[in-house]
Amino acid sequence: YNHKLILLRSVFASAENTGVFRNPFAGIPPKRKVNVHREPFSKEELESVIEHCDKLLQPVFIAGMCTAMRRGDCCLLKWDSIDLENGFITVETSKTGEVAEIPLFPRLRQEIEGRPRQGKYVFPDAAEMYLRNPCGISERLKAALTGAEIKMNKAGMNGRLSNIKGFHSLRTTWITMALTAGVPMELVRRVTGHSTVNIVLKHYFRPGREAFRTALETAMPHMLTGKTGEQLDLPEEVMGLGKVARSLKPEELVDKVEALAATVARMTKAQKAAAVIAA
């Protein structure tokens with residue numbers, strides 16, 4: 001509607017300049033555009049979906065979860081795109097043609113290393129299905145989401161249902177987790193192949209409000225947030241404990257673990273969620 005309105009308004013604007021008649025489309029307001037964006041999966045939702053995926057879909061879903069690649073790029077992932085020695089995946093994205101360089105995370109590496117090398121595709125069954133019928137992958141994921149009891153659609157302001165959870169949500173999930181954890185935007189774009197920062201922020205960065213608030217309060221100066229007292233970097237505390245554990249006496253180690261457990265118990269749900277994202 002808006003595109004046609006703009007076109008007609010511009011066409012009649014030229015005629016209006018002749019003084020013959022008034023532009024009949026001048027002053028007509030455009031309709032408000034309401035976007036319902038895909039929402040990121042939570043950690044618990046990801047694990048639940050993986051459990052409900054069939055054998056064909058599961059490795060493809062894990063690939064999307066670990067790389068932020070689109071459905072087609074995951075299904076058609078080739079062996080010559082994978083550098084196991086250096087731990088990287090390098091692919092030319094099907095949509096934009098941009099080259100994406102993606103670290104090979106342990107969970108996906110384990111999935112790939114356990115597969116026989118048959119033909120050029122890493123997931124040959126998924127590749128065959130995608131080339132024959134791309135919707136077949138989506139239908140399998142829909143069944144997995146239903147089994148995991150995850151809501152897939154949401155009504156917009158106009159009452160129409162829009163998809164909020166699907167394969168592309170893995171891209172939103174990866175980007176949201178990365179940016180919330182403090183990964184620089186340039187590294188995120190290098191992984192996803194996006195050409196502009198605006199596209200990443202407008203369409204893919206979707207943190208939950210509480211996790212977003214906690215991340216900002218943790219990063220911003222105390223004079224702005226008003227937060228005082230104990231500030232716990234949980235991942236760092238756990239790693240630090242692991243480094244000194246062998247040098248401690250048993251009773252000292254017990255005391256440190258109990259103190260850490262007590263501190264974690266005082267954390268809010270949002271603080272724990274932010275700590276999980278940071279980890």
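Now for a look at the structure at hand.

Conventions used here
Residues numbered from 1 in each chain as written. Predicted model: local features only at pLDDT ≥ 70, side-chain atom pairs only at ≥ 80, totals over all residues. Heavy atoms only, no water. Helix = DSSP H or I, 4+ residues; strand = E, 2+ residues; numbered from the N terminus. Buried < 20%, exposed > 50% of the residue type's maximum accessible area, 1.4 Å probe, protein only. Contact = heavy atoms within 4.5 Å. Areas by Shrake-Rupley, 256 points an atom, 1.4 Å probe, with all protein chains shown as cover. Phe/Tyr/Trp six-rings, centres within 6.5 Å; stacked < 30°, edge-to-face > 60°. Pairing = 2+ DSSP bridges. Core = buried A, V, L, I, M, F, W, Y, C linked by side-chain atoms within 4.5 Å.

Quick look at the overall build of the protein now. Tallying secondary structure elements over the protein gives 15 helices and five strands in all. In the protein, buried positions account for 33% of the 279 residues. Of the contacts made within the protein by residues no fewer than 6 positions apart, 60% connect residues no fewer than 24 positions apart. As displayed, the protein offers around 17600 Å² of accessible surface, 55% of which is attributable to carbon and sulfur atoms.

Here the structure, examined in full by the defined rule, presents two aromatic pairs. Summarising the aromatic geometry, the rings of Phe 12 and Phe 25 are spaced 5.4 Å apart at their centres and angled 50° between planes, so their arrangement reads as tilted. Placement of the pair is Phe 12 in helix 1 (residues 2-16) and Phe 25 in the loop between helix 1 and helix 2 (43-52), with a sequence separation of 13 residues. For Phe 25, a relative accessible area of 21% corresponds to the partly exposed category.

This part is about the sheet that holds strand 2 (residues 88-92). Taken together, the three strands give an open sheet; going across it, the order is 1-2-3, and neighbouring strands pair in antiparallel fashion. The open sheet has two edge strands, strand 1 (82-83) and strand 3 (99-103), and neither has a second partner. Alignment of strand 1 against strand 2, held across two bridges, turns out to be antiparallel. Counterpart to Ile 82 in the pairing with strand 2 is Ile 89.

Residues Val 49, Phe 61, Leu 77, Ile 82, Ile 89 and Leu 108 are the most contacted members of the largest nonpolar core, which totals 48 residues. Residue contacts for Ile 82: discarding those within four places in its chain leaves Leu 77, Phe 88, Ile 89, Leu 104, Ile 112 and Val 122.

Treat this as a map of the structure, not an account of what it does.
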